[in-house]
Amino acid sequence: MSTGVLEDRVLYPLENTSRRFYALLAVFVLTTILFLVAWVYQLNVGVWAATGIGDWGISGGVPWGLYIGGFVWWIGLAHGGIAISAAVRVINVDRFAPIARVSEVLTVLALSMAATNIVLSMGRPDRIFNTIIWWPATVHHSPLAWDIAVISLYLVLSLTYLTLSLRAEIAAFRDRLPVHFSPLYVLLTLGYSTSEDEKIEQILWWLAVAILALVPLLSGGVVPWLFSLIAAQPGWFGAAAGAAMLTESLTSALAGVIVITAIFRWAYDWDDVIDERIFRDLAIVLAFLALATIWFTMHDILTGVYAAPTNIGALTTAMLELSFFWLAVIGLVVSVVALFVMIGWPEQFFSIPALVGVSVILSITILNKKVMFVVEGLMFPTAPPLTNLYPTGSYSPTLVEWWLFIGTIFLAGFGFLVASKVIPMVELDPEEVN
Amino acid sequence: MCENGFTDPRLLSGVYINSCTFKTQSYPKPDRTVTHDEGIDMTSEIEPSACSCDDGNCACGTGGCACGSGKCTETIGDSSDQGPEMPDLGQGWTTGDLDEEWEAHAEEKLETVDFDVELGVEMSRDAMRLARGELTEAEFHDKHHEAIKAEFGIDERPTKSTPLEATRGGDGNALPGVPAVEGSGLSSRRGLMKAIGGLAATGATASVAGCLDQDAGGSASATDGDGGDNEVQMGMVIDTDQCIACLKCSEACKEENNTDRGAQWMHVFRYEEDEYGETRAGQMPRPCQHCSEPSCTYVCPTQSRFKREEDGIVVTDYDRCIGCKYCEVACPYGVNFLGKNEPTEKSPGFFGSETDQNDRHVGGPPPAGVMGKCTFCVHRQDDSAQRGTTACEDDCPVDAIHFGDMNDSESDPREYLRENDEETRFKLLEQQGNEPNIVYLGNEPSNEAKPVDGPYTYEDVGLETLAEDGGDD
């Protein structure tokens, strides 16, 4: 395909808007309104009344639930994107270049949704900025302050990366971009000259290195540390949580990238822009990541049932009786088997819809695992004798809670919809124009 | 005072064991116990043997026992075994004035005691020298210090040793199981966090001491090196064997602090456990443990949860808390309750001061959406008329709760610990490393303890009934 044709195909959504787009826009606007309504309701009655969360201890509640599980899930999802994009730049995996932009946008949106879930979970969301005000004093001791630091850094780096990588492109294709977003383009290309391109490339390379370094620090570090450092909850405490959670996060992240990329490919008929080979390669990585997730789960279970301390033993036994746990195991096993069958016999079994199906199953499974991890740790809290003196916790998310969490998925979708009308969703080479 | 007891030669002439000094030691089993009211005559016919007072101010004389206040308990031998009466020698007597027959009898009695008789006699003689002014008190204390420590493991008299060493145990710990915190090595959680803080290249000058109270401005400047080791550390000794699970403490707390429905800042566990085939019932009141290493303050992202420097009480700044519930999940004791603005009809409202002496909003029930828990009635601690009291302690009908400064050897809880040295004691979940400041007397619930309904439930005593206005402000 010639570059001219590629540009036309990529810029097509920016120059034309289909009826299908307006329909989807209407759906997302509606879901956003519903999200806001639910949120206003929760703000009015209080997070303790609107959700299934409660106090652990004598009340037998669970203080962290779907929102915090959702937060961890979104953080995980945020990695895949920028990690793929950064890898393209740092180790020159050029064949993934067509999905880099979608991945970068996914990262920015996922990080925002992670933050939204934290705000949803708070008793006093109006005081969110207290965490920033007191950050210099709390960063020495509060894992949550570390999280705020690393997530903010990650968001700033991702946004900078996205913005810088857009400058040359926007400048080059300015005349083909929608007029009504002109102020934004002016802002993005402020002071641009073609002489900066080389410098920007170097900056982007270093930014990519920094982002790749942040991935294990965020999803394999501060986020699992929120839980694994808490000695009070035996279901959380432990040194291996970081490694296990990073693997899960990367699994869901890659699954997320596959789903989003496939949707764009299907919606804009980009079969020729995003080659099927990219999906086959992603499937191989996904298969091994999902396998590693099973492997970590197996470690968890074995240490929990074999001559474990009484409370950890009880906790693991209880988890083995949860239907959610077996759903997660089935989801993982089925996905891994399906993925290896696809890899082994691509001619007969590989298809992008099938891969998307497996990716959706994996995403939901990882979400299930994360929420279960958070909730289960608080259902069987503390150590004996208090563990047995307090009632076992119970938790079931309310409709409001479900809606607000699912609402964040719709919000992210809305974000993609808007982004696809503002910037080219596949990286273009500006030099071809000049 | 006990110390002064040594200056009274009569005290030491007969039986050298001053029960005030050595009350933490085990005595020969008493045959019977007689309890007197205050102001007993020193020339009572009761033969001296051993004496203890519940306020620690006692003097034992040859003829009896006197206490500074309260009751006085004498332990006396079998009456049939009474020997010759101790002669009344009046003031200013010397050993030479002693009746030989009586001394022989005294020594004979002491043969039956497990303690070092020679040391006792020697001390008695020195005490007389002290009384005559031939020896200073410090010299006297110093002279036998080693021997007394060797004999009893402790020497409570005011020698060079610190009060902490004097209380209990050869390891110099003030309380059972509290690891010594001197030196800020990496052994303590704070030490480790400080090391991390030191490594953090943020350029901020804050230290982890920020988990502790800072000035009202909340500046992030580093406080003194080891801010966690409060000079005053309020705590409680709770005697679970005394406790009758009547829920008076929970009720008093609710009335005083106007807590929400479902929130029991002071909860009383009632449980049963199997003990070698026998079912044992027990009860254990559970306030916030006001830990010395409170994990809730460490995790707080706004330093809303903090430990007051003036008295070691752990409280929440209600005006700053964001309701993230991280303190709640990081606490191993389950004492946190998110504010819901659902007061019960048990309480007419909160009438104490909502702000503490540093003007931080920490007293009373938490507003909706922010975290609350037992404050050790912080509003009382900042009020000179009520300082040193809590609602739960005041209302306990069986005197099971003893609130006070755990670092003050003269405080009520420490006194109670000494008086009940024979009783087993424990701190809840000590292995978690939070260094709680509640010491329980009695048996710790086993890992198999199962909760059972007590004689009363919270519903029975109306603690769960919402107030009519439902909390609408």
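The structure displayed is predicted, hence computed values, not measured ones.

1. Description of the overall build of chain A
- The helix and strand tally for chain A stands at 18 helices and zero strands.
- Burial analysis of chain A (434 residues in total) assigns 58% to the buried set.
- For chain A, the share of sequence-separated contacts (at least 6 apart) that also reach a separation of at least 24 residues comes to 81%.
- Element-wise, carbon and sulfur atoms account for 71% of the exposed surface of chain A, whose accessible area totals about 17800 Å².

2. Comments concerning the nonpolar core
- By size, the foremost hydrophobic cluster in this structure holds 132 residues, and its most contacted members are W64(A), W74(A), L218(A), F227(A), L386(A), M284(B) and Y326(B).
- If you look at the next biggest cluster of nonpolar residues, it comprises 57 residues, including V93(A), V105(A), F350(A) and L355(A).

3. Here's the deal with the pairing of strand 13 (residues 401-405) of chain B
Residues and elements named next belong to chain B.
- Of all five residues in strand 13, five are buried, a share of seventy percent or more.
- For strand 6 (residues 234-239) and strand 13, the ladder comprises five bridges, and the chain directions are antiparallel. Pairing of V237 across the sheet is with H402, part of strand 13.

4. A short note on a nonpolar patch on the surface
All names here are of chain A.
- Residues I284, V285, F288 and L291 make up a contiguous nonpolar surface patch of about 330 Å² in total accessible area.
- Turning to its location among the elements, L291 is positioned in helix 12 (residues 276-305).
- Residue classification places L291 among the partly exposed positions, given a relative accessible area of 37%.

5. So, unusual backbone geometry
- For the bond running from P384(A) to P385(A), omega is 5°, close enough to zero to count as cis.
- Position of P385(A) relative to the elements: it lies in the loop between helix 16 (352-379) and helix 17 (386-389).
- In this structure, K325(B) is a non-glycine residue whose phi angle is positive, near 70°.
- Note that K325(B) resides in the loop between strand 10 (314-316) and helix 12 (326-330).

6. Here we look at the interface of chain B and chain A
- Contact with chain B, which involves 61 residues of that partner, is made by 46 residues of chain A.
- In total, chain B and chain A occlude about 4400 Å² of area from one another, counting both sides; carbon and sulfur atoms represent 62% of this.
- For the chain B face of the interface with chain A, the top three residues by lost area are I322(B), Y326(B) and V329(B), together amounting to 16%.
- Scanning the region where chain B abuts chain A turns up one salt bridge.
- Among the salt bridges present, the one from K340(B) reaches D55(A), with a minimum N-O distance of 2.9 Å.
- On inspection of chain B and its partner chain A, the count reaches 25 residue pairs in polar contact (both at pLDDT 80 or more).
- Put simply, the parts of the chain that give the side of chain B that touches chain A at least two residues each are helix 9 (189-199), strand 7 (267-275), strand 8 (278-286), helix 11 (295-299), helix 12, strand 11 (337-338) and strand 16 (450-451) of chain B.

7. Focus on the pairing of strand 8 of chain B
All names here are of chain B.
- In this structure, strand 7 lies alongside strand 8, joined through nine bridges in antiparallel fashion. Across the sheet, the residue bridging to E273 is R280, located in strand 8.
- Turn length for the strand 7-strand 8 hairpin, with the two strands adjacent in sequence and antiparallel, is two residues, and the turn residue Y276 shows positive phi of about 50°.

8. A few points about the pattern of salt bridges
Residues and elements named next belong to chain B.
- Considering all chains together, one arrives at 31 salt bridges over all chains under this definition.
- The partner of E134 in a salt bridge is R129, with the nearest N and O atoms 3.6 Å apart.
- For E273, the salt bridge goes to R280, with nearest N and O atoms at 2.7 Å. The same class applies to E273 as to R280, namely buried.

9. What about the side chain of T297(A)?
All names here are of chain A.
- Along the chain, T297 turns up in helix 12.
- Residue classification places T297 among the buried positions, given a relative accessible area of 10%.
- The residues touching T297, leaving out its near neighbours within four places in the chain, are F325, L332 and K369.

10. Observations regarding the sheet that holds strand 7 of chain B
Residues and elements named next belong to chain B.
- Strand order in the open sheet formed by three strands is 8-7-16, and the pairing between neighbours is antiparallel. Bordering the open sheet on either side are strand 8 and strand 16, each of which pairs with just one other strand.
- As paired elements, strand 7 and strand 16 share two bridges and run antiparallel to each other. Bridging across to strand 16, E272 finds its partner in K450.

11. Considerations on the packing of aromatic side chains
- Enumeration over the complete set of coordinates arrives at 26 aromatic pairs over all chains.
- Taken together, a centroid distance of 6.2 Å and an interplanar angle of 65° make the contact between F28(A) and F410(A) edge-to-face. Here the residue F28(A) occupies a position in helix 2 (residues 19-45), and F410(A) occupies one in helix 18 (residues 399-422), the gap between them amounting to 382 residues.
- Summarising the aromatic geometry, the rings of F227(A) and F373(A) are spaced 5.4 Å apart at their centres and angled 80° between planes, so their arrangement reads as edge-to-face. Of this pair, F227(A) sits in helix 10 (residues 197-228) while F373(A) sits in helix 16, placing them 146 residues apart in sequence.
- Taking the relative accessible area as the measure of exposure, F373(A) reaches 21% and is therefore partly exposed.
- An aromatic cluster is built from W64(A), F227(A), W236(A), F373(A) and Y326(B), whose rings are joined through pairwise contacts.
- Over the aromatic face of F96(A) sits the side chain of R95(A), whose NZ or CZ is 5.4 Å from the ring centroid.
- The cationic tip of K421(A) hangs over the ring face of F21(A); the distance from NZ or CZ to the ring centre is 4.5 Å.

12. Some points on the packing of helix 11 (residues 241-267) of chain A against helix 16 of chain A
Residues and elements named next belong to chain A.
- Running from N to C, helix 11 and helix 16 point in directions that differ by 145°, and their axes come no closer than 8 Å. Here the hand of the crossing between helix 11 and helix 16 comes out left-handed. For the pair helix 11 and helix 16, contact is made by M245, E248, S249, T251, S252, A255, G256, I258, V259, A262 and R265 and by I352, L355, V356, S359, V360, L362, S363, I366, K369, K370 and F373, respectively.
- When grouped by side-chain class, the residues that make up the contact of helix 11 with helix 16 number twelve nonpolar, six polar and four charged.

13. Considerations on the environment of E415(B)
- Within the element layout of this structure, E415(B) appears in helix 15 (residues 412-419).
- As for E415(B) and H402(B), which are separated by 13 residues in sequence, their C-alpha atoms are 9.3 Å apart.

14. Considerations on helix 2 of chain A
Residues and elements named next belong to chain A.
- Taking 1.5 Å per residue, 27 residues should reach 39 Å; helix 2 reaches 39 Å between its end C-alpha atoms and fits that length.
- Among the residues of helix 2, those classed as buried are F21, F28, T31, T32, F35, A38 and Q42.
- On the buried face of helix 2, the contacting elements are helix 3 (47-50), helix 4 (66-90), helix 5 (100-121) and helix 18.
- G46 lies just past helix 2 and shows a positive phi near 100°.

15. Regarding the confidence of the model for chain B
All names here are of chain B.
- Residue-level pLDDT values for chain B average 72, and 60% of them are 70 or greater.
- Of the regions scoring below 50 in pLDDT, residues 160-187 engages in 45 contacts with residues more than four places distant in sequence or in other chains.
- In the model, residues 214-228 has pLDDT below 50 throughout and makes 31 contacts with residues more than four positions away in sequence or in other chains.

16. Regarding the sheet that holds strand 13 of chain B
Residue and element names in this part refer to chain B.
- Overall, mixed pairing links the four strands, which are arranged 13-6-15-14 in an open sheet. Of all strands in the sheet, those bounded by a partner on one side alone are strand 13 and strand 14 (425-426).
- Helix 15 contacts strand 6, strand 13, strand 14 and strand 15 (438-441) of the sheet and is inclined by roughly 125° relative to strand 13.

17. Things to note about the environment of L120(A)
Residue and element names in this part refer to chain A.
- Among the structural elements, L120 can be located in helix 5.
- Among the residues examined, L120 registers a relative accessible area of 0% and is labelled buried.
- Non-local contacts of L120, meaning those with residues more than four positions away in its chain, are made with F35, W39, Q42, V47, Y67, L404 and T408.

18. Side note on the side chain of K325(B)
- An unpaired buried charge is present at K325(B): no salt bridge exists, and E328(B), the closest side chain of opposite charge, is 6.8 Å distant.
- Polar side-chain contacts of K325(B) include one of 2.5 Å to the backbone oxygen of S121(A).
- Non-local contacts of K325(B), meaning those with residues more than four positions away in its chain, are made with V47(A), I53(A), P63(A), W64(A), S121(A), M122(A), G123(A), L338(B) and M371(B).

Cut-off values and rules
Along each chain, numbering runs from 1 in the same order as the chain's sequence is written. Following the order in which they are written, the chains are lettered starting with A and the ligands numbered starting with 1. pLDDT decides what is reported in this predicted model: residues at 70 or higher carry local features, side-chain atom pairs at 80 or more are listed and counted, and totals for whole chains, interfaces and linings draw on all residues regardless. Just so you know, side-chain values use all the structure's heavy atoms and leave hydrogens and water out. Segments assigned H or I by DSSP are reported as helices when at least four residues long, segments assigned E as strands when at least two residues long, and all are numbered from the N terminus. Whether a residue is buried, partly exposed or exposed follows from its accessible area with a 1.4 Å probe, protein chains only, as a fraction of its type maximum: under 20%, in between, or over 50%, in that order. Contacts are assigned to residue pairs with any non-hydrogen atoms lying within 4.5 Å of each other. Each accessible area is a Shrake-Rupley result for a 1.4 Å probe, and residues are judged covered by the shown protein chains and nothing else. Buried residues of nine kinds, namely Ala, Val, Leu, Ile, Met, Phe, Trp, Tyr and Cys, make up a nonpolar core once their side-chain atoms join them within 4.5 Å. Strands qualify as paired when DSSP identifies two bridges or more between them. Patch membership is restricted to residues that have no salt bridge and whose relative accessible area is over 30%. Joining uses 9 Å for like charges and 5 Å for the nonpolar side chains Val, Leu, Ile, Met, Phe, Trp and Tyr. Should a side-chain nitrogen of Lys or Arg be within 4 Å of a carboxyl oxygen of Asp or Glu, the pair is scored as a salt bridge. Buried area counts how much accessible surface, traced with a 1.4 Å probe, disappears from two parts once they are put together, with both parts' losses summed. Throughout this description, a polar contact denotes any pair of N or O atoms lying within 3.5 Å of each other; where both atoms belong to protein, one of them has to be capable of donating a hydrogen while the other can accept it, and for residues adjacent in sequence the pair is counted only when both atoms sit in side chains. Two rings belonging to Phe, Tyr or Trp (six-membered ring only in the last case) form a pair when the distance between their centres is within 6.5 Å. Interplanar angles under 30 degrees mark stacking, angles over 60 mark edge-to-face geometry, and anything in between is tilted. Geometrically, a charge over a ring is one whose NZ (Lys) or CZ (Arg) sits within 6 Å of the ring centre while staying within 35 degrees of the ring normal. Between the N-to-C directions of two axes lies an angle of 0 to 180 degrees, each axis being a line fitted to C-alpha atoms and, for a helix, fitted only over the stretch in contact. For any helix crossing, the convention is left-handed if the near helix is rotated counterclockwise from the far helix by under a right angle, and right-handed if that rotation is clockwise. Amino acids are sorted into nonpolar (Ala, Val, Leu, Ile, Met, Phe, Trp, Tyr, Cys and Pro), charged (Asp, Glu, Lys and Arg) and polar (every other residue, Gly among them). Working rule for helices: expected span equals 1.5 Å times residues minus one. A residue's pLDDT is the confidence the predictor assigns to it, expressed on a 0 to 100 scale. Think of it this way: Lys and Arg go in the positive column, Asp and Glu in the negative one, and His and the chain ends go nowhere.

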